[in-house]
Every structure is written in structure tokens, then in C-alpha cells.
Amino acid sequence: MSQRRTVRSRLERVAREIAKFGAVGAIGFVVNFIVFNICVHGFGLAVVRSGVIATAVAIATNYVGNRYWTYRDSDRSRRSREMSLFLLFSGAGLVIENGILAISHYGFGLTTPLADNIAKNVIGLGIGTVFRFWSYRTWVFRAQAVETAESFLSAPPERAEAHK
């Protein structure tokens, strides 16, 4: 297989992975947005507390989607390690997301519902998502990415084509 073809197949595989991760993330975004606004406007909870609750519910939703769809082919034999790393990196993303909300709301005094939603669900979630994608791919669901890359490098062309 030519090097150009190998690079192209890798890029296609990463594009599919990003699309699946994005679809799971879109569902998580909707869950996060709805739970956050219900907590703030329906229950009258503080914005950061509401943000943490909403993010925790979205993390649970996203784990199911990523485990059973985006990274369904990754190694399942080390589930406790995977879950621990997922929670660790999701927790770091939670801090990023809600830290930006706290800075905006309490630090800058931007306290309108629109400002809170932009800080949390656009800026914070955007930065947190980039971090989560990198960390999940690199550390949590690592076995699939490493195994797939190695198989593409060492497999005969007909086997590599079968992985598509």
C-alpha cells in the first residue's frame, strides 16, 4: 500500500471517529443544556452548582455513547481502568467548563441567563470538548487507536481495506 493511501485511510478513520464523538457530544450537549437551565431557572440553584450537576449527567450520557458506539471496538478487558480514566478526564473537563462559567459569572459579573449559557455551553464546553476528545483518544480508549494504527502499518493492503 502506498504511503499516500495509508495516510488517507488514517485520515478517513479519524474523521469517522470525530463524527461519532461529535454525535455523542451533541446528545450530551442537549442533556447538559436542558439540565443546566432546569436547575438554574426551575429549581433556583446557583449557576456553578447547576453547571456541575448538568455536566455530571452529560458525562454519564456520553460514557454510554462513547463506550458502546464511538469506541465500541476498544479493549473491554480493562473496564475499571477505562472507567477510572474516563471519570478523571471527564472531571478535568468539568472543571474547565464550569471554571469558565464561574469566572464569567462571579469574576466578570456577567450574570444574565444568556451570558451564563454562552460561558458554560459555548466557551467552556467547547474548550472542554477539545480536551476530552484528546484525552479519551489518547488515554481512555487507547487500545483501539493503537491497535488500529499498528494493523494499518503492518497489514497487507487487502486486510487494511477490510478495516474500513
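Residues numbered from 1 in each chain as written. Predicted model: local features only at pLDDT ≥ 70, side-chain atom pairs only at ≥ 80, totals over all residues. Heavy atoms only, no water.

J.: For the UniProt feature "transmembrane region" (unreviewed entry) in the protein, give the residues involved together with the corresponding values.
T.: The UniProt record annotates "transmembrane region" (unreviewed entry) at residues 21–40, 46–64, 85–106 and 118–134. Counted over residues 118–134, helix gives 100% and strand 0%. Its end C-alpha atoms are 23 Å apart. (UniProt positions renumbered as here; feature names shortened; annotations may be inferred. Helix = DSSP H or I, 4+ residues; strand = E, 2+ residues; numbered from the N terminus.)

J.: Go over the layout of surface pockets, please, and point to the residues and values.
T.: Quantified by volume, the second largest pocket comes out at close to 200 Å³. Together, 17 residues line the second largest pocket, and G25, N62, L125, T129 and R132 are the ones closest to its centre. Those elements that provide at least two residues to the lining of the second largest pocket are α1 (3–42), α2 (47–70) and α4 (113–140). (1 Å grid on protein atoms, 1.4 Å probe; cavity = no way out; pocket = protein on both sides within 12 Å on 5 of 7 lines; lining within 4 Å. Points joined across faces, edges and corners; volume = space filled by probe spheres on them.)

J.: Now, about the side chain of H105: what can you tell me, with residues and values included?
T.: Looking at the element boundaries, H105 is found in helix α3 (residues 79–107). H105 gets classed as buried once you look at its relative accessible area, which sits at 14%. (Buried < 20%, exposed > 50% of the residue type's maximum accessible area, 1.4 Å probe, protein only.)

J.: How would you summarise the packing of aromatic side chains if you had to cite specific residues and measurements?
T.: Tallied over the entire structure, the rule returns 10 aromatic pairs. Aromatic ring contacts, followed pair by pair, group F21, Y63, Y71, F86, F133, Y136 and F141 into a single cluster. (Phe/Tyr/Trp six-rings, centres within 6.5 Å; stacked < 30°, edge-to-face > 60°.)

J.: Talk me through the pattern of salt bridges; I want residue IDs and the actual numbers.
T.: One pass over the full model with this rule turns up 5 salt bridges. Between E12 and R8 there is a salt bridge, with its nearest N and O atoms 3.3 Å apart. Linking E12 with R8, this pair stays in helix α1, spanning 4 residues, or about one helical turn. When its relative accessible area of 56% is taken as the criterion, R8 is described as exposed. Overlapping salt bridges, with partners in common, bring together E97, K120 and R132 in one network. (Salt bridge = Lys/Arg side-chain N within 4 Å of Asp/Glu carboxyl O.)

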